[in-house]
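# Coordinate analysis (summary)
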Amino acid sequence: MKILLNNLDLNEALYNKSNIGFIPTMGSLHKGHISLIRKAIQQCDTCVVSIFVNPTQFNNKKDFQNYPRDIEKDLKILRKLSIDFVYIPKIEHIYNTSNIVKIKLNKKEKILCAKFRKGHFEGVLNVMTRLTNIIKPSKIFMGEKDLQQLILVRKYIEKNLKVKIVSCKTIRDKNKLALSSRNNLLSKDEKLKAGKIARYLISFKKQLSIKKSFKKIIPNKKKYLEELHDIKIEYLELRNKFNLKISSKKKNAKLFLAYNIGKVRLIDNF
Ligand code: AMP
């Protein structure tokens, strides 16, 4: 495994390589990231994992500073997976270029996390454009846990930059909590609580029947969960899993959730 700390080394390493698989991450790797990496290794000839905590996608400075980082542990995990290249750029390597990247979401897209985290997806799309231009992968592997992100990257980057976005299933712990680097910031009790919420919503989604009015049931469930677990839910909404339109049907729909537990913001979909 080769560690690449700047763009010159990266260009040299990837010269003449084809069928490149790219797995963008912000580090603090867990089994969710590992599942993406394994899929990439199966499908591609050369694989690049990036570890970059992207400042432009944080709408809150403290959140950026507190984001869990553990490069040594990450490198240990990656060595075991026999990944070809790890790219660990500094902020200036990504942003000190003359390339101006300006992607603006339209009004209809300002829903779910885009509504609650102003500028977040513009930051994600900005860094994903830059990373894709630098690495020039054939495929980018992304998790369904962040489905809104995946859909927006598909829309804004897949066609423009001629790269295929491969979506990968959400990996959960034994309590059904979706793995996330942010889980490192939770106490043991908060983790158990988050697992209970995930389990509850997985079974609630299964039980949703066609006859009942989702318009009433879902806001009621939101209130119920907030009171029971002393949490603040930003959104709990049933939406189409391809175009994110509000759905009144269970078919092709997912329940999208974002909430704060203690000081940590978690998202999931079921
Ligand atoms: P992050 O490091 O949180 O920016 O995530 C990097 C990639 O891993 C993104 O494409 C995420 O959607 C994906 N990912 C994060 N958590 C999971 C999970 N539990 N299961 C599958 N993919 C995940």
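To start, this report covers the structure provided alongside it.

## What about unusual backbone geometry?
In this structure, asparagine 16 takes a positive phi of about 75° despite not being glycine. Along the chain, asparagine 16 turns up in the loop between α1 (7–14) and β2 (20–25).

## Looking at a positive patch on the surface
On the surface, Lys102, Lys104, Lys110, Lys115 and Lys118 cluster together into a positively charged patch. With respect to the helices and strands, the residue lysine 104 is situated in the loop between α5 (91–95) and α6 (113–116).

## Regarding empty space enclosed by the protein
In this approach a probe as big as a water molecule rolls over the atoms, and the regions it shows empty are the leftover space. Per the counting criterion, the structure on display carries two cavities of 30 Å³ or more. Taken as a whole, the largest cavity holds about 900 Å³ of empty space. Looking at the lining of the largest cavity, the elements that each hand over two or more residues are β2, α2 (31–43), α7 (120–135), β5 (139–143), α8 (147–158), β8 (253–261) and β9 (264–269). Counting residues per element, the lining of the largest cavity draws most heavily on α7, which supplies six residues. The residue makeup of the lining of the largest cavity, split by class, is 22 nonpolar, 16 polar and eight charged. A domain-level breakdown of the lining of the largest cavity finds at least three residues from each of domain 1 (2–168) and domain 2 (181–269). Estimated volume of the second largest cavity: approximately 80 Å³.

## Here we look at the packing of α2 against helix α4 (residues 71–81)
One way to put it is that α2 packs onto α4 with a least axis distance of 11 Å and a crossing angle of 30°. Of the possible angle classes, the one that applies to α2 and α4 is roughly parallel. For the pair α2 and α4, the crossing hand works out as right-handed. Across the interface between the two elements, Ile34, Ile37, Arg38 and Ile41 of α2 pack against Ile77, Leu78 and Leu81 of α4. Residues belonging to the contact of α2 with α4 are distributed by class as follows: six nonpolar, no polar and one charged.

What counts, and at which threshold
- Residues numbered from 1 in each chain as written.
- Predicted model: local features only at pLDDT ≥ 70, side-chain atom pairs only at ≥ 80, totals over all residues.
- Heavy atoms only, no water.
- Helix = DSSP H or I, 4+ residues; strand = E, 2+ residues; numbered from the N terminus.
- Patch = residues over 30% accessible without salt bridge, like charges linked within 9 Å, V, L, I, M, F, W, Y side chains within 5 Å.
- Areas by Shrake-Rupley, 256 points an atom, 1.4 Å probe, with all protein chains shown as cover.
- Salt bridge = Lys/Arg side-chain N within 4 Å of Asp/Glu carboxyl O.
- Lys, Arg positive; Asp, Glu negative; His and termini not counted.
- Charge placed at Lys NZ, Arg CZ, Asp CG, Glu CD.
- 1 Å grid on protein atoms, 1.4 Å probe; cavity = no way out; pocket = protein on both sides within 12 Å on 5 of 7 lines; lining within 4 Å.
- Points joined across faces, edges and corners; volume = space filled by probe spheres on them.
- Nonpolar A, V, L, I, M, F, W, Y, C, P; charged D, E, K, R; others polar.
- Domains from an automatic or database assignment.
- Axes fitted to C-alpha atoms, helices over the stretch in contact; angles between N-to-C directions.
- Parallel < 35°, antiparallel > 145°, perpendicular 65-115°, else oblique.
- Left-handed = near helix turned anticlockwise from the far one by under 90°.
- Contact = heavy atoms within 4.5 Å.

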